[in-house]
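Next come the chains, spelled out residue by residue.
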Amino acid sequence: MLKLKALLNKKSKNWIHWVVGILFAFILNSILLNLPLDYFESLTYDWRVSLRPTPTLSGKIQTVAIDNRTLKEFGNEPNIKDHLEFLEQLLKAQPSYIVYLIDPSSLLGSKEEKQKLADKLNSAQILISQDNLPGAEQTELPPLPIPFQNLKTLPGPTTRDKIIYARDGVTRRFIISSNGAPTYQVILAEKMLSEKLTEIPGEFEFLDSKQAYIDFHKPGTYLPLSFSDLKSGLFNAENIKGKVILLGRETKEKSLDYVSTPFSKDVISMSVLELNANILDTLLQKRSPQKVAPAFNWVVTFIILLTTIYVVLKISPLIGLIVLTLLATVYIGISFSVFAFFNYWIAMAPTLLGLFISYYFFIPYRLVLENRRSWEYLQKNKLLVQVEELKSNFLRMMSHDLKTPLARIQGMAHLIISDHNPLSEKQKTAVENIYSSSEELTQFVGSILNLSRIESKEVKLQLKSRDINLVLKEVIQKCEDLSRKNRLEIRTELEPLFSFKIDENLLRQVFTNLLENAIKYSPVEGKILVTSEESNGNVIIQISDQGMGIPEPDLPFIFDRFYRSKNALQSEVSGSGLGLYLSKYFVELHHGHIEVESFVGKGSTFSVVLPMINKNYLEKGKTSAAREDSPYV
Ligand code: ADP
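Treat the numbers as computed from the prediction; the structure is a model and nothing was measured.

Turning next to the sheet that holds strand β9 (residues 225-226). Judged by pairing direction, the sheet is parallel, and its 6 strands sit side by side in the order β4-β3-β2-β10-β1-β9 without closing on themselves. For this open sheet the edge positions go to β4 (153-155) and β9, each flanked by a neighbour on one side alone. The pairing of strand β3 (residues 126-130) with β4 spans 3 bridges and is classified as parallel. Residue pairing for β4: S129 is matched across the bridge by L154. Against the sheet, helix α9 (residues 272-284) makes contact with β1 (61-67) and β10 (244-250), and its axis sits at roughly 150° relative to β10, the strand it touches most.

Structure, rendered in structure tokens:
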């Protein structure tokens, strides 16, 4: 018993799971945000860049390419003479700046031509850039060979994620300055915007340099003009006027002239010429993508981990899976939108990996908990079954042992009353009291015995063809003494009926109980009506009274064992709360049902509906044919 109490009182320690959950989320979150997940994060970054709508262009840049058409036309790379003619045509169209991404000292030409080009390029309007950085502890690139030694060349390096970050060779970043020396893009952007670019959005320190991410446009967004067209003067000056002209190569001959981009890992995904246009545009529009603060990532990931743990521990597996898939989808959607519309980069890899890990860690955790819980329930159940058995055995033994002495007491009392020796009035009342009390006790013991028979599945239907009206009349006659005592009038309206197979004994107990209740709970001089009729193959027996009635909240429980309504408990009427339970059970054994309609202060009507058709179960007369949900089956 102590063991049972301990088991029943054991409260599930929910808070422990929450402490485990919070600790887990905290530790996992801290590990995840420090894990090198750059490769996965770069994948999600590339998807974001590729799938967002292409950002608008500044419209201030025009690229000019030495392309295949140029090579075909000149039979080779354009020489210095071609460049001089090209520059002449170009300058006529009044560009704001010209950037040579080609090394002029590598061009072929005579000494004089070289000198001429050096003079031409030596202008504040023309910048010469090299895909290079100043050496260690240097702030400038080394001078070009004679006669270009006086031209100032500016760094314009191309970065590739080869040994850092995603290590996939993709170009995602550009250099703002190295060792304090700015790249040509920054110098040019400052000139064009006429302001100092002190703080570029998304700027970060990397080794000795300052860097930022490129606001990429899809490859092919900057359509280049052909060098050959420009040299021949075949161009619309409007496309040049006031713009920065970037001159580079786009021949697909050397992979060094190309980079891989977030759009494609192909080594010739985008020309270095177009990449330079993207970098310059990023600066001109001040639109480099920015990483959100690490604290923001930490908090969001922590919340998502906690939500995952809650969902796994509390919600059914299928709905939980749907909720978590939705959560991940919403998170991905928000990260994509924030990037597409605000250029903010929320870390996705650690959060999604965290969600995944928490899910797969807490699923077995939940299984362990549920296993333990069902083991506890099993133990509780076992103990409850044992206790129930003990109780039934005790009740049965007690009722059996009480039956004989009770019968003896009743017999003796009857003997004294019917003896010829006169008794004093006082003695007579006392003996009558003994008789009625022992009668009451006998009934109670009978009910308890029936209950234990039901519980040990011992009740068997003994079916015989009977006229149910006869059974009713017999019951009414038996209750006459009791009704007379309370000056009650019992009226009957019994329709003549065919006999059908019933267990007379059980139904007698049902009707006795219903009629005794009607008498018990009726006021003095009340009226009781007993009716019987046939309808649609059923016999309906109704017992109505004008008694205290049953309060509505008690009605659903009135057929439960040991249940008594509130008003009955407050009255002086005694009872066990077993009669209706047994009646319902016996009626259902006949495949019938019992109903009640009652109004407080007005009375109650109990209806017993019994099918007359000889069903199989009636033929068999076996309890095994009782309702499937009855304790008999
Ligand atoms: P009891 O021995 O208490 O009468 P029953 O199982 O026969 O036990 O009835 C259960 C309860 O239903 C009663 O305690 C009483 O509250 C209510 N009840 C039953 N019949 C009537 C009735 N005719 N009028 C009012 N209440 C009734």
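Still more to cover.
Taken in spatial order, the 5 strands line up as β16-β18-β19-β21-β20 in an open sheet, and their pairing is mixed. Looking along the sheet, the strands with just one partner apiece sit at the ends: β16 (489-494) and β20 (593-599). Direction aside, the axes of adjacent strands within the sheet are offset by 15° on average. Contacting β16, β18 (527-535), β19 (538-544) and β21 (603-611), helix α14 (residues 468-478) runs over the sheet at an angle of about 175° to β16.

Look at the link from I146 to P147: it is a cis peptide, with omega at 5°. Summarising the element assignment, P147 is placed in the loop between β3 and β4. Phi at K286 takes a positive value of approximately 45°, unusual for a residue other than glycine. The topology assignment puts K286 in the loop between α9 and β13 (290-291). Its identity as a non-glycine residue notwithstanding, F562 has a phi of 65°, on the positive side. Among the secondary structure elements, F562 is positioned in the loop between β19 and α17 (566-570).

Neighbouring residues of the ligand: 21 residues in total, closest N517, Y521, R564, S565 and L580. The contact in question runs from a nitrogen atom of the ligand to an N or O atom on the side chain of D545, over 2.9 Å. Taking R564, its side chain carries an N or O atom lying 2.7 Å from an oxygen atom of the ligand. With the chains in place, 98% of the 520 Å² that the ligand exposes on its own is no longer accessible.

Rules used in this analysis
Residues numbered from 1 in each chain as written. Predicted model: local features only at pLDDT ≥ 70, side-chain atom pairs only at ≥ 80, totals over all residues. Heavy atoms only, no water. Pairing = 2+ DSSP bridges. Helix = DSSP H or I, 4+ residues; strand = E, 2+ residues; numbered from the N terminus. Contact = heavy atoms within 4.5 Å. Axes fitted to C-alpha atoms, helices over the stretch in contact; angles between N-to-C directions. Near = heavy atom within 4 Å. Polar contact = N/O pair within 3.5 Å; in protein donor to acceptor, adjacent residues only side chain to side chain. Areas by Shrake-Rupley, 256 points an atom, 1.4 Å probe, with all protein chains shown as cover.

Fair warning: the whole summary comes from geometry, so function is off the table for now.
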